[in-house]
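Coordinates in review
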Amino acid sequence: MDDRNMETGSSASNYGDNEHPKSIIHIDIDCFYAQVEMLRNPELRSVPLGVQQKNIVVTSNYEARKYGVQKCMLVTDAMKICPSLKLVNGEDLHNYRTASNKVFEVLQTWKCQVEKLGMDENFIDVTKLVLERSKSADVKNVALSGHLYKEPGIECLCGCHIRLKIASQIANEIRQKIYDELGLTTCAGVAHNKLLAKLICPLHKPNDQTTIFPDHGADFMSTLQSVRSIPSIGSKTTETLISHQIITVKDLQEVALEVLKKNFSSDMAVRLKHLSLGEDNTPVKQTGKPQSIGLEDSFKTVSLKSEVEDKFSALLQRLLVLVREDGRIPVSLRVTLRKKDAKRLSSHRESRQCQISSSIFTISNGILTVTEAGQQKLMTIIMRLFNKLIDLSKPFHLTLVGLAFTKFQERMTGRSSIVNYLMNDISVQSVLNLQNDCDTSATSMDYSAASPSSSTTTDLSDGEVEPSPKKPKKVNWIAKKRCLSKEDVASPSKLKVGELRLNSKELEKVSELRLNSRDRSLTPRASPAKDNLSDTSDTMKDVAEGGNCEGCPSYVDKEVFSALPGNMQQELKAMWKNPSSSVTRTSPRTMNKAKPNTLLKYFVPHK
Ligand code: DCP
Ligand code: MG
Ligand code: MG
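Everything in this summary refers to the structure shown in the same document. Predicted model, so just to flag it, every value in this text is computed and none were measured.

**Some words on the sheet that holds strand β2 (residues 49–53)**
Read from one edge of the open sheet, four strands run β4-β3-β2-β5, paired in mixed fashion. Two strands in the sheet have a free side with no partner beyond their single neighbour: β4 (73–74) and β5 (86–89). Of the pairings in the sheet, the one linking β2 to strand β3 (residues 56–60) comprises four bridges and is antiparallel in character. What sits directly across from Gln53, in β3, is Ile56.

In structure tokens:
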């Protein structure tokens, strides 16, 4: 990276100075919650509508916006400026989440990388599609769809103007399809990177789209009034920048890199500079299941432990609904607080998390459930974490509490581990993720930082995607070893990988059947649920009792385990007893060199 380039405002190589090969579309649904409500009740279409959460109008339809009803306005203020405002309660997010998932499904049909950002936004990398079309279309005469931020002075030599025009056509098709299939109107931004695509998107609202060419990136960025408008610049960075009188994006463009380096790491300083100039090289990362599922509740002030407990209890109830919809078993819980602090310019959250035993959750008729006792157990864990964050011997004042399940049961060892094939629910997850093929090596920009905080927010931050499993032979092998009942036949563990590559609907069905079969094969757990506030995983220690599966972790399918050769059973038990010396950490490469008489000889390493 050449610092001189940064200071003169020109970009450096890997941010793509003269070459702008990518075509990125950002889609944002218009007045999202309000549109969902209007679809449910078409009478609301013609009236000014506000969606209320607590005492805030979290969004309003465009009819209400004509009166000046803005997002996140107090209900009292909104009613003052628009007495005819119709309010609907938007605290149950279920319908919004369903609509959000449907939009994501539509976007997937373009066979491009799609990254979900919050509930109503998505990035689509249409680079390949644009290249394909540019071969067949009369590219020179291709027309731009929608608005252009600014007419170009000269054509960019890399040909990006034509490519972005093609991308704008694709954006229009995407928006049309979302409307035709779901009845939702959207806005789109088209650019050569995610940063500009997102920021240009709301330029013409609603139901419209805008394209920006790379040469106008820095110019457009200089119009942004606050550095906070830049996604990935969070509250802390904003505070630091403001304290150095860097308030607008233009300020950030103009400040010397050396000044930034005094206050941030060198990498961060350079990145801030690039962002201010509209340069961003983060990839569109295919979204899989959310990395965490959480809820927050904010309020004026809470100073009593009993009140905090009530807040957490209410959040937990709602969170358990979300987790049930998700279907994965959580193994880690995070508690977040925001302490009242008049001195700080912006909010500041503190969190503590711990592992939780998967045995708190049970699967009943294919549905993830938590018993009354399990819920109490979770509340005990939550309050224990709370006690770690707050010194109860002194008064405290909180303005926000949050709860999130941050990790889910997943394959616990290397790809080649036999453990993977013994885990009932895990195989379901792996099958469901066969279609997710993402580049986990690249770091993604944290666009969520730009989202305003609300009275109640849903943290469905996407990110980590499980690696696709590659285990046809072993899956089949285990299947043969099992004595199957008739209804077990649809279980994915008995299908060849070819059969596992199903469409999403079929996958859902398979998942259901799999969960049912898991339900049948799991023994009741004798050991009480336990949580572990330390860093070590207790999931491995979560031991089920009884039969010849004694000593196996509870996620192991007993039926499968008992079908294994004796020495393999022994080896697995030894491995579970002492995970640190586990053969499962063996890399696929070294597996060939495994000693005779280890369980590894039963398996063919992955290629
Ligand atoms: N939302 C929320 N709390 C906030 C901001 C938004 O609960 N502080 C919810 C309500 C919105 C949805 O998220 O409908 C999407 O947020 P947007 O910022 O995209 O706002 P809208 O989609 O409502 O309006 P726009 O047409 O401006 O995109
Ligand atoms: Mg929106
Ligand atoms: Mg949005």
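**Notes on the coordination of the magnesium ion (ligand 2)**
The protein atoms that coordinate the magnesium ion (ligand 2) are Asp28 (OD), Ile29 (O) and Asp120 (OD), at distances spanning 2.0 to 2.2 Å. Spacing between the donor residues of the magnesium ion (ligand 2) along the chain follows D-I-x90-D. Taking relative accessible area as the criterion, Asp120 reaches 16% and is therefore assigned buried.

**Description of the coordination of the magnesium ion (ligand 3)**
Listed as protein donors to the magnesium ion (ligand 3) are Asp28 (OD), Asp120 (OD) and Glu121 (OE); their distances from the metal cover 2.2 to 2.4 Å. When the donor residues of the magnesium ion (ligand 3) are listed from N- to C-terminus, their spacing reads D-x91-D-E. The metal-metal distance between the magnesium ion (ligand 3) and the magnesium ion (ligand 2) is 3.4 Å, with Asp28 coordinating both. One end of the pair, Asp28, is in strand β1 (residues 24–29); the other, Glu121, is in strand β7 (residues 121–125), and 93 residues separate them in sequence. Pair check on accessibility: Asp28 and Glu121 agree, each one buried.

**Regarding the site of ligand 1**
In the vicinity of ligand 1, 18 residues are found, and the nearest of them are Cys31, Thr59, Tyr62, Asp120 and Lys205. At 2.7 Å, a backbone N or O of Cys31 approaches an oxygen atom of ligand 1. Arg65 is positioned such that a nitrogen or oxygen atom in its side chain is 2.9 Å from an oxygen atom of ligand 1. Relative to its unbound accessible surface of 550 Å², ligand 1 loses 88% to contact with the protein. Of all the elements in the fold, those that place two or more residues in the shell around ligand 1 are β1, α2 (32–40), β3 and α3 (62–66). Tallied by class, residues from the shell around ligand 1 come to eight nonpolar, four polar and six charged. Two domains each provide a minimum of three residues to the shell around ligand 1, namely domain 1 (2–28 + 97–276) and domain 3 (418–602).

**Some words on unusual backbone geometry**
Residues Lys205 and Pro206 are joined by a peptide bond in cis, for which omega reads -15°. Positive phi, normally seen in glycine, also occurs at Cys31, with a value near 20°. Tracing the sequence through the fold places Cys31 in the loop between β1 and α2. A relative accessible area of 6% places Cys31 in the buried class. Of note, Asn365 is a non-glycine position whose phi angle comes to about 50°, a positive value. By the secondary structure assignment, Asn365 is in the loop between β14 (361–364) and β15 (367–370).

Rules and cut-offs
Residues numbered from 1 in each chain as written. Chains lettered and ligands numbered in written order. Predicted model: local features only at pLDDT ≥ 70, side-chain atom pairs only at ≥ 80, totals over all residues. Heavy atoms only, no water. Pairing = 2+ DSSP bridges. Helix = DSSP H or I, 4+ residues; strand = E, 2+ residues; numbered from the N terminus. Donors = N, O, S within 2.8 Å, 3.2 Å for Na, K, Ca; no water. Buried < 20%, exposed > 50% of the residue type's maximum accessible area, 1.4 Å probe, protein only. Near = heavy atom within 4 Å. Polar contact = N/O pair within 3.5 Å; in protein donor to acceptor, adjacent residues only side chain to side chain. Areas by Shrake-Rupley, 256 points an atom, 1.4 Å probe, with all protein chains shown as cover. Nonpolar A, V, L, I, M, F, W, Y, C, P; charged D, E, K, R; others polar. Domains from an automatic or database assignment.

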